[in-house]
Amino acid sequence: MKTVIVGGVAGGMSAATRLRRLDEAAEIIVFERGPYVSYANCGLPYYVGGVIRDRSSLLLQTPQSLASRFRLDVRTSHEVRAIDAAARTVTVLDLASGDTFVEGYDELILAVGATAREAAAGSDIPTHTLRTVEDVDAIGSLVDAAADNPCALVVGGGFIGLEAVDNLVRRGIHITLIQRGPHILSPLDPEMVVPIEAHLRSHGVDVRTSVTVDTVQARTVLLDDGITLRPDFIVDASGVTPSVDLTRSAGLTLGTTGGIAVDARNRTSDEHIYAVGDGVEKVDALSGGRALVTMAGLANRHGRSVADVIAGRDERNTPALGTAIVKVFDRVAAIVGWSERQLVSAGRAHRMIHTHPSSHATYYPGAQSMSMKLLVDPDTDAILGAQIVGGEGVDKRIDVIAVAMAGGISASGLARLELAYAPQFGSAKDPINQLGYVADNLRTGTTRAIQWHELEAALDDGATLIDVRTAAEYAAGSIPGAINIPVDALRDRVGELPDGPLVVHCQVGQRGHTAARILAQHGRDVANLDGGYRTWAAGCVTQRPVALAYS
Ligand code: FAD
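Here the residue numbering is sequential within each chain, running from 1 through the sequence in written order. Confidence filtering applies because this is a predicted model: local features only for residues at pLDDT of at least 70, side-chain atom pairs given and counted only at 80 or more, and all residues used for totals across whole chains, interfaces and linings. As a rule here, side-chain values cover all heavy atoms of the structure and leave hydrogens and water aside.

Trainee: Which residues make up the site of the ligand, and what are the values?
Mentor: Definition of nearness: a residue and a molecule or strand are near each other if at least one heavy atom of the residue lies within 4 Å of the molecule or strand. In the vicinity of the ligand there are 27 residues, among which Gly11, Glu32, Val80, Asp278 and Ala296 approach most closely. Under the rule applied, a polar contact is a pair of N or O atoms within 3.5 Å (in protein, one hydrogen donor and one hydrogen acceptor; residues adjacent in sequence only if both atoms are side-chain atoms). Here Ala111 contributes a backbone N or O atom positioned 3.4 Å from an oxygen atom of the ligand. For the ligand, whose unbound accessible area comes to 990 Å², protein coverage reaches 88%. Numbering of helices and strands runs from the N terminus, with a helix taken as a DSSP run of H or I at least four residues long and a strand as a DSSP run of E at least two residues long. Mapped by element, the contributors of at least two residues to the shell around the ligand are helix H1 (10-22), strand E4 (78-84) and helix H8 (296-310). Each accessible area is a Shrake-Rupley result for a 1.4 Å probe, and residues are judged covered by the shown protein chains and nothing else.

And the structure:
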């Protein structure tokens, strides 16, 4: 059995090494267009920033090491130019010699990844994507050669764009970051991203949203809002599209997303050709529909599972939840599942929960605040998605929610999870448990919540807003029209409240919940402002450019 693999990084090498472990007799050839194989592309930005100092540590394997350990025939600088599915052959160009040859296969795996979009094509300013070892070598040289007060333009405020910003700032480069959409990190919802944008600005990054490159000429970038910039160089992280040229020319079916269409075994429309990784459309775990999810974990796992299939095992790929995380300076943003924006545009019913817990018990030094958002199916209590922004502990919580989603644990069920606790690591009621408590209160009708963007309409309809924080908190910043009655005084002052519906709020939602329970038990029609003042303030920043302080 001879398996040819096209692409020798995440998906391709996972497939190759797993196949060898399953089948010692298999002939396995890997063609990789670039000069390196199995390198740590996720670590590349940190080499630019000097966090990873040893370049060779990025190069996890060589054709020689893969030959000795796995008896793989890995050929770098070899580009597969065509597939003849009927003859079961590929045409390969040896980029070093310029020779072309034909190689036969029994099974073919395409792990060709994605192709970077070019927002600044034709630029006369040095411009690089950040995808390969060659890219970081080139960017590193530009950084090293930069003059006094060096500045760069980063195009795209996605995960890789933010990692580029973080690492270039570390090297003393002044950065303008532009993002085509209304906010950076477009998979997250706007009110969750506001603190990250503020954090970038506090590090001197010039963040510009709803703008893109119009033209680059005479070493000047003209943005489509009329602003001109003169960066020393440009890092183009404006996104990727699946690499499908080879697939299309071979007559294989592409999906509606533009990625290579595969079945649950990662088989393409040809029974002897499989495809994995960024080039392939995935099954969305929530909708069962197709989606492009370009993450390393999926590429590696699907590479492994396709090897199982080729080795004769009854293995199927796992649908994608889109779990992702990024760190910029000392802030972390993470997501799993669908965002509110996606749910709204799909017309899917959902309930939202915002909380702002601490990473660990506040009496133990070093606790950091985080903001969490949970999206829940109001009919089934299923978790539809989550977003977390903060510092320490974000990674742990997003993974717990990802596991809960994969395991079918409901939102209320988060309350019952027994999670490891000591004061350095969490709270006896972990932030995950707290999300579950809120979900359970909403599910059972113990509390009614109102979202930050629903508040104005509720007040217009005659509701009275009660701010149950302390007088000092109220004085430091309040929602227009709110009456301040601290929660501890509320029972004694219930008689002062006007008739009609009430909305209560505190800083993050917890005291508001207590206030709502007090008032409900006094027979009042009351809703708690979900996520409190902090979520409202973040949400308002996304709607109008007012400077609101975050604590
Ligand atoms: P790749 O790993 O991109 O490999 C495809 C390979 O195919 C390439 O080396 C290419 O040269 C080769 N190729 C293409 N066409 C041909 C051809 N015709 N002939 C021969 N070879 C060919 N994901 C995360 O989950 N977490 C992260 O932190 C993260 N950080 C990232 C940081 C950076 C800078 C980058 C670029 C990506 C990051 N990713 C991250 C995404 C992750 O790296 C990809 O999802 C993953 O590498 C996709 O695997 P793949 O096998 O589909 O493609």
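We are not done yet, so read on.
Trainee: Tell me about the pattern of salt bridges, residues and numbers included.
Mentor: In what follows, salt bridge is the name for a side-chain nitrogen of Lys or Arg lying within 4 Å of a carboxyl oxygen of Asp or Glu. One pass over the structure, following the stated rule, counts 23 salt bridges. Residues Asp137 and Arg55 are paired through a salt bridge, measuring 2.7 Å at the closest nitrogen-oxygen approach. One end of the pair, Asp137, is in helix H4 (residues 133-145); the other, Arg55, is in the loop between helix H2 (44-48) and helix H3 (63-70), with 82 residues separating them in the sequence. For every residue, the accessible area obtained with a 1.4 Å probe (protein chains only) is divided by the maximum for its type, and the residue is called buried under 20%, exposed over 50%, and partly exposed between those limits. Exposure remark for Arg55: the relative accessible area of 26% places this residue in the partly exposed category. Across the pair Asp314 and Arg316 runs a salt bridge, and its minimum N-O distance is 3.9 Å. Overlapping salt bridges bring together Lys2, Asp73, Arg75 and Glu103 as one network.

Trainee: For the pairing of strand E13 (residues 213-217), give the residues involved together with the corresponding values.
Mentor: Being paired, for any two strands, means DSSP has found at least two bridges between them. In this structure, E13 lies alongside strand E14 (residues 220-223), joined through 4 bridges in antiparallel fashion. Bridged to Val213 within E14 is Leu223. What sits between E13 and E14 in their antiparallel hairpin is a turn of 2 residues, with Ala218 showing a positive phi close to 50°.

Trainee: Give a description of the domain arrangement of the chain that names residues and reports values.
Mentor: Domain boundaries shown here were taken from an automatic or database domain assignment. Here the chain is partitioned into domain 1 (2-114 + 241-310), domain 2 (127-238), domain 3 (330-444) and domain 4 (449-542). Each partner contributes to the interface: domain 3 provides 8 residues, whereas domain 4 provides 9 residues. A buried area of about 770 Å², summed over both sides, lies between domain 3 and domain 4, and 46% of it is on carbon and sulfur atoms. The term buried area refers to how much accessible surface (probe radius 1.4 Å) is lost by two components on association, counted for both of them together. It is Met352, His354 and His356 in domain 3 that bury the most area against domain 4; as a group they hold 63% of the surface buried on that side. One can count 0 salt bridges joining domain 3 with domain 4. Viewed at the interface, domain 4 and domain 3 are joined by 9 residue pairs in polar contact (both at pLDDT 80 or more). At the level of secondary structure, the elements contributing two or more residues to the side of domain 3 that touches domain 4 comprise strand E23 (351-355) and helix H11 (431-443). By residue number, the principal contributor to the side of domain 3 that touches domain 4 is E23, which donates 3 residues. Polarity classes work like this: nonpolar for Ala, Val, Leu, Ile, Met, Phe, Trp, Tyr, Cys and Pro, charged for Asp, Glu, Lys and Arg, and polar for all others, with Gly in that last group. Across the side of domain 3 that touches domain 4, the residue classes tally to 3 nonpolar, 4 polar and 1 charged. The contact criterion used throughout is that any non-hydrogen atoms of two residues lie within 4.5 Å.

Trainee: So what about the nonpolar core? Which residues, and what values?
Mentor: The nonpolar side chains of a soluble globular protein tend to be buried, and buried together. Among the nonpolar cores identified, the biggest contains 38 residues, and Leu162, Leu168, Leu177, Leu185, Ile196 and Leu200 are the most heavily contacted of them. Counting residues per element, this core draws most heavily on helix H5 (residues 159-170), at 5 residues. Residues within four places of Leu162 in sequence aside, it is in contact with Gly157, Leu177, Ile184, Leu185, Ile196, Leu200, Val326 and Val328. In this description, a nonpolar core means a group of buried Ala, Val, Leu, Ile, Met, Phe, Trp, Tyr and Cys residues linked to one another through side-chain atoms lying within 4.5 Å. By size, the runner-up hydrophobic cluster in this structure holds 31 residues, among which are Trp338, Leu384, Ile398 and Ala404.

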